[in-house]
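If you want the building blocks of each chain, they are given just below.
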Amino acid sequence: MTEVAGEDFWRRVRTLLDARGGLLLEETRVRNATLRHRLTAENPDGVRPGLGPRALLAVRPDLVPAGDGRRSA
């Protein structure tokens, strides 16, 4: 599903941030060129002004901090 990253999208991102504490926002501007932005509850709107026009955005779980005893598969 594709949707515009309007206010509804960002409202859902803020809701996820409140629940998870951190997220990664992947921004794909052109084929095979992806930027990753770490979002926290303190900066949910900080990356919005710098996002490229018509960029494809994906929201992913934040990375697990190193040394916390958990391993990713």
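Residues numbered from 1 in each chain as written. Predicted model: local features only at pLDDT ≥ 70, side-chain atom pairs only at ≥ 80, totals over all residues. Heavy atoms only, no water.

## Brief notes about unusual backbone geometry
- Of note, Arg54 is a non-glycine position whose phi angle comes to about 60°, a positive value.
- Residue class for Arg54 comes out exposed when judged on its relative accessible area of 85%. (Buried < 20%, exposed > 50% of the residue type's maximum accessible area, 1.4 Å probe, protein only.)

## A word on the pattern of salt bridges
- Applying the stated criterion across every chain, the model contains nine salt bridges.
- Measuring nitrogen to oxygen at the nearest pair gives 3.3 Å for the salt bridge that ties Glu26 to Arg60. With a gap of 34 residues between them, Glu26 in strand β1 (residues 22-30) and Arg60 in strand β3 (residues 56-61) connect regions that are remote in the sequence.
- The class for Glu26 is buried, based on a relative accessible area of 16%.
- Each of the salt bridges in this network shares a partner with another, and the network as a whole consists of Glu7, Arg14, Asp45 and Arg48. (Salt bridge = Lys/Arg side-chain N within 4 Å of Asp/Glu carboxyl O. Helix = DSSP H or I, 4+ residues; strand = E, 2+ residues; numbered from the N terminus.)

## Some remarks on the layout of surface pockets
- In this structure, the largest pocket occupies an estimated 480 Å³ of space.
- Within the residue set of the lining of the largest pocket, elements represented by two or more residues are α1 (7-20) and β3.
- Broken down by element, the lining of the largest pocket gets its largest block of residues, five residues, from α1.
- Residues that form the lining of the largest pocket fall into these classes: 14 nonpolar, three polar and four charged. (1 Å grid on protein atoms, 1.4 Å probe; cavity = no way out; pocket = protein on both sides within 12 Å on 5 of 7 lines; lining within 4 Å. Points joined across faces, edges and corners; volume = space filled by probe spheres on them. Nonpolar A, V, L, I, M, F, W, Y, C, P; charged D, E, K, R; others polar.)

## Here's the deal with the side chain of Glu26
- Looking at Glu26, its side chain comes within polar contact range of the side chain of Arg36, at 3.3 Å.
- Reaching out from Glu26, the side chain makes a polar contact with the side chain of Arg60 at a distance of 3.3 Å.
- With residues near it in sequence (within four places) discarded, Glu26 still touches Thr34, Leu35, Arg36, Leu56, Leu57, Ala58 and Arg60. (Polar contact = N/O pair within 3.5 Å; in protein donor to acceptor, adjacent residues only side chain to side chain. Contact = heavy atoms within 4.5 Å.)

## Re the environment of Thr28
- Mapped onto the fold, Thr28 is located in strand β1.
- The partly exposed category is assigned to Thr28, whose relative accessible area is 23%.
- Once you skip the residues sitting within four places of it in the chain, Thr28 turns out to touch Ala33, Thr34, Ala55 and Leu56.
- One polar contact links Thr28 to Thr34, side chain to side chain, over a distance of 3.2 Å.

## Quick look at the nonpolar core
- Core analysis: the biggest nonpolar cluster contains nine residues, these being Phe9, Trp10, Val13, Leu17, Leu23, Leu25, Leu39, Val47 and Leu51.
- Listing elements by their share of this core, those giving two or more residues are α1 and β1.
- Tallying contributions element by element places α1 first for this core, with four residues.
- Those residues in contact with Leu39 that lie beyond four places of it in its chain are Val13, Leu17, Gly21, Gly22, Leu23, Leu25, Pro44 and Val47. (Core = buried A, V, L, I, M, F, W, Y, C linked by side-chain atoms within 4.5 Å.)

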